Amino acid sequence: MARGLSLCSNGRKSSTLLSNSIPRVSISFSPKTLFTCSYPLQSRHPEFSQRLFCNHACVPETVDETRYKELFNKRMDMAGLKPHNRIALGVSGGPDSMALCVLTAKWKTQGLSCVNKTDGFIDGLVAIVVDHGLRQESKDEAELVCSRVSQMGIRCEIASCDWVDGRPKLGHLQEAAREMRYEMISNVCFRQQIEVLLIAHHADDQAELFILRLSRSSGVLGLAGTAFASEIFSRNLQLDAKHMKNQSIRLVRPLLDFWKEDMYKICQWGRQDWVEDPTNRSQLFVRNRIRTSIGNLQSGSFKSELQAVISECRRTRSFVDKVCTDLIHQTVTATDKGYAILDLERLNPSGVKDICLSKYLSAVLQFISQRQRPIRGNTSKLLLNYIRAIPCRTSLTAAGCYLSPAPGSKGTKIIVSCSVDCPLPSKTELLNISFNETPSDDLGQIIADAKSFSDHVAPTSLFEVQFLDVASESVLSKARELNLLSESTYTTIGLLQRDETKRFLTKTEEKSVELEHGTNIPASSDKVHLCLGQNLYFMNRFLIRWNLSDHQCNEAGCRNCPVSTATSMEVRHMVESDWLYLGELSKCSTSNHSISSSQKALRSLKLIPAAARKSLPVLINHCGLLLCIPAIGFSYCSCLEASAVFLPRVPLGGGHSSFL
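All figures in this text were calculated on a predicted structure; none of them were measured in a lab. (Residues numbered from 1 in each chain as written. Predicted model: local features only at pLDDT ≥ 70, side-chain atom pairs only at ≥ 80, totals over all residues. Heavy atoms only, no water.)

**Student:** Explain the overall build of the protein here, please?
**Tutor:** When helices and strands are tallied, the protein shows 18 helices and 28 strands. Partitioning the contacts of the protein with sequence separation of at least 6, the portion at a separation of at least 24 is 72%. A total accessible area of about 31500 Å² is found for the protein, and carbon and sulfur atoms account for 50% of it. (Helix = DSSP H or I, 4+ residues; strand = E, 2+ residues; numbered from the N terminus. Contact = heavy atoms within 4.5 Å. Areas by Shrake-Rupley, 256 points an atom, 1.4 Å probe, with all protein chains shown as cover.)

This is the structure in structure tokens:
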């Protein structure tokens, strides 16, 4: 939890922790809500010395309970969720996540007997509070929030972060904390076999993100903001043994139709306390500056007009995603050797809009490289020009992938393989894999129901979207032309954009100076060691394992066999010398396992395009002797059993997402 949290109460008796007699002052956190706040100068808990404790004094105000329920229930229907589904909540203790707890608890229990008669908790609902462990008081803060949530009848679990590589640097603290937070929450979900996670992002968050991305020159797809529903995949493999794929969690943001002021009202309605984080007002962070600027605006129409522009961007995103998904199904063949084949004749790149073709290429390249970074700018333009040059005669390295004409296709098909020479590192790690032998079908049904809903409301025609051909710098002008923005709102957004753009450019210049003295990033082809019986996840792509069988070793005297005496092997990508070695080995006149295995391997390799061979993992001993190429079945000795299964962490297309 963040530094300097302040606790706000709805008027109920304060907890013992806050019962100290301390000075009080009143401050306004929103135009319609007043809080009496206490500075803990004499606190009995010195670790809370950075806090500002608040007691909420309710201002008489009508809360439209029916409207809140209807909006929330509609979003849950759109996500394909039913009250019986097992659901986790990401909870920080702030008004947003506490409002999410209130609405979800009411939705879960409405019309159903979901309260456990033994312990009084709501069945199938778990709140997860992450203790980032970056401050001494974070553990106590997490326990306090957990206590509050438990009083609502929601089971709560605290997930404590372990920063193995040390505390992240200040400049990357928020990003690192976010990644760690999602990883910790995911781990709890997988352990408890919960397939749905709700997060409390709301309309104000989307407005802030729009201004932020506009100042970074994001395109229409980026300006659409965060997805309403998406899938997140475990960093550590959670294998669905039935389908041999990495399991996912459905991430849903059901509060996107609510504004920040609604969060406070819902907490009042549910008579729930929350904590306020004063660091959210620090102008050092870009989103805080944007939040403050938007909050200072007096125009009542600003937010509604901005929301209209964001909604149009999201409609465009939904259409592009649908086109991209259809193109992938029609034109992409993913092989079990880790490469893909694109059929250019079926794709007809010249007939596909730039924005759709760019998204399609990004999806394919991200799948093959397993680097989930967006492809932008000059790289995107380079790829568009390359894919539209039919017949394809040349090769191209981009975004961690190597693109080349498919042999025998006369340039009508393209091979997309992982580039082993890319300077950006990929993840390679030893794993204790979790196998789920009996995976639930609930998630599949949830996604199917969500797709059915979106198919009925998402745009399906070019004429139903307005921003398809609009460049980033023209989005506001187009919105004004469509009467989505008034002249005053158009001017205000432009000023916010220019202010943050200046700050961003200045910060970028400072960073570029620092990077000149930085260290080189290691190549993705660095070798790693794999011991007997271990599982290695190689570059987020191949699951590798080797072992010794009970077969009699073919070598004269087992002591001479480099396999039977091995306790560990090195793993690297295949190189040209491996091909030459197999060729020499296959020509030997004697007959043994290594020779026959090399002959079969050569036949298999000839069926794999040369570009794709380079990304195949191989096993060698400490002397550099090639012992195994598991993907094609080569092994030096019959006593060696090895496997390399192409098992990408994130599937082609990144899983189902919705921007409704």
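**Student:** I'm lost on the sheet that holds strand S14 (residues 332-334) in this one. Help?
**Tutor:** Strands belonging to one sheet form pairs held by backbone hydrogen bonds; the direction of such a pair is parallel or antiparallel. Read from one edge of the open sheet, five strands run S14-S15-S18-S17-S16, paired in antiparallel fashion. The strands lining the two open edges of the sheet, one partner per strand, are S14 and strand S16 (396-398). Here the strands of the sheet are splayed against their neighbours by 20 degrees on average, with no regard to which way each runs. Here five bridges tie strand S17 (residues 401-405) to strand S18 (residues 413-418), and the two strands are oriented antiparallel to one another. Pairing of Pro-405 across the sheet is with Ile-414, part of S18. Contacts from helix H9 (residues 302-331) reach S14 and strand S15 (340-343), with the element oriented near 65 degrees to S14. In the packing of helix H12 (residues 377-387) onto the sheet, the strands contacted are S15, S16, S17 and S18, and the crossing angle to S16 comes to about 150 degrees. (Pairing = 2+ DSSP bridges. Axes fitted to C-alpha atoms, helices over the stretch in contact; angles between N-to-C directions.)

**Student:** Hey, could you run me through the pattern of salt bridges in this one?
**Tutor:** Once their charged atoms are close, side chains differing in charge can pair, the charge on each being opposite to the other. Applying the stated criterion across every chain yields a total of 21 salt bridges. Between Glu-157 and Arg-191 there is a salt bridge, with its nearest N and O atoms 2.4 Å apart. Pair noted here: Glu-157 is in strand S7 (residues 155-160) and Arg-191 is in helix H4 (residues 173-191), with a separation of 34 residues, a long-range link. Here Glu-500 ties to Arg-289 by a salt bridge, and the two come within 3.0 Å at their closest N and O atoms. Here Glu-500, found in helix H15 (residues 487-515), pairs with Arg-289, found in helix H8 (residues 286-295); they are 211 residues apart in sequence, far enough to count as distant. Taken as a pair, Glu-500 and Arg-289 share a single burial class, namely buried. (Salt bridge = Lys/Arg side-chain N within 4 Å of Asp/Glu carboxyl O. Buried < 20%, exposed > 50% of the residue type's maximum accessible area, 1.4 Å probe, protein only.)

**Student:** Sorry if this is basic, but what is going on with the packing of aromatic side chains here?
**Tutor:** In this description, a pair of aromatic rings is defined by centroid distance and the angle of the planes. Using the criterion set out here, one finds five aromatic pairs in the structure. Taken together, a centroid distance of 5.5 Å and an interplanar angle of 55 degrees make the contact between Phe-542 and Phe-646 tilted. In this pair, Phe-542 is assigned in strand S23 (residues 542-548) and Phe-646 in strand S28 (residues 640-646), connecting sequence segments 104 residues apart. In this structure, Arg-480 is placed above the aromatic ring of Tyr-490, and the distance from its NZ or CZ to the ring centre is 3.9 Å. Over the aromatic face of Trp-579 sits the side chain of Arg-613, whose NZ or CZ is 4.4 Å from the ring centroid. (Phe/Tyr/Trp six-rings, centres within 6.5 Å; stacked < 30°, edge-to-face > 60°. Lys NZ or Arg CZ within 6 Å of the ring centre and 35° of its normal.)

**Student:** Looking at this structure, how should I read the side chain of Glu-500?
**Tutor:** Classification of Glu-500 as buried rests on a relative accessible area of 4%. Every residue in contact with Glu-500, bar those within four places of it in the chain, is listed here: Ser-215, Arg-216, Val-286, Arg-289 and Ile-290.

**Student:** Would you explain the environment of Lys-106 in this entry?
**Tutor:** On the secondary structure map, Lys-106 appears in helix H2 (residues 95-109). Along the primary structure Lys-106 and Lys-69 are separated by 37 residues, whereas in three dimensions their C-alpha atoms are 8.4 Å apart. If we ignore the near neighbours within four places in the chain, the residues touching Lys-106 are Lys-69 and Trp-269.

From the geometry alone we can't say anything about function, so treat these as descriptive.
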